[in-house]
Amino acid sequence: MTKKRIGKKQVQAIALERIYRLFELAEQEFEKHPERSKRYVELARKIGTRSNVTIPSKLKKRFCKKCGAFLVYGTNGELEEKEKIGNLKCRECGAERKVKLCE
Ligand SMILES: [Zn+2]
């Protein structure tokens, strides 16, 4: 029996794709089901940990590390931009953190 082995790189590429997809879903569901978007963020973070994939900085700015909420600026989150560093605030739990703005 020949089994096709999937390399680590392929696993990570798939994981990254899933992470992007989950954040897309989180965005879509946010308005009607904010608790679902929270769940999607949780799943995306789990996939990242399990497959050793860093969540892209673009997406890192979209959730709160403390409570795991998906953040929509002006609704449940805020992003204050200061040159290359942003200050990300979560209105759900009040947590703040610095994020990189360059991409
Ligand atoms: Zn929070």
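A few points on the structure. (Residues numbered from 1 in each chain as written. Predicted model: local features only at pLDDT ≥ 70, side-chain atom pairs only at ≥ 80, totals over all residues.)

Quick notes on the overall build of the protein chain
- Across its full length, the protein chain holds 3 helices and 3 strands.
- The order of α-helices and β-strands along the protein chain, N terminus first, is α-α-α-β-β-β.
- Dimensions of the protein chain along its principal axes, counting C-alpha atoms only, are 55 × 35 × 20 Å.
- Taken over 103 residues, the protein chain has a buried fraction of 21%.
- Put simply, of all contacts in the protein chain between residues at least 6 apart along the chain, 45% involve residues at least 24 apart. (Helix = DSSP H or I, 4+ residues; strand = E, 2+ residues; numbered from the N terminus. Buried ≥ 20, exposed ≤ 12 C-beta atoms within 10 Å, placed from the backbone. Contact = placed C-beta atoms within 7 Å.)

Structural notes on helix α1 (residues 8-30)
- Compared with an ideal rise of 1.5 Å per residue, which puts 23 residues at 33 Å, α1 spans 32 Å between its outermost C-alpha atoms and is within 8% of the ideal.
- If you check which residues of α1 are buried, you get Ile19, Leu22, Phe23, Ala26 and Phe30.
- Considering only its buried residues, α1 is in contact with α2 (34-51) and α3 (57-60). (Expected span 1.5 Å × (residues − 1).)

A look at the nonpolar core
- Ranked by size, the top nonpolar core spans 16 residues in total, and within it Ala26, Ala44 and Phe70 carry the most contacts.
- When contributions to this core are tallied by element, the ones reaching two or more residues are α1 and α2.
- The leading source of residues in this core is α1, at 5 residues. (Core = buried A, V, L, I, M, F, W, Y, C linked by C-beta atoms within 7 Å.)

Quick word on α2
- Between its first and last C-alpha atoms α2 spans 26 Å; for 18 residues at 1.5 Å apiece the expected length is 26 Å, and the two agree.
- Next to the buried residues of α2 lie α1.
- Directly after α2, the chain includes Asn52, whose backbone phi takes a positive value near 60°.

By themselves, these figures tell us nothing about what the structure is for.
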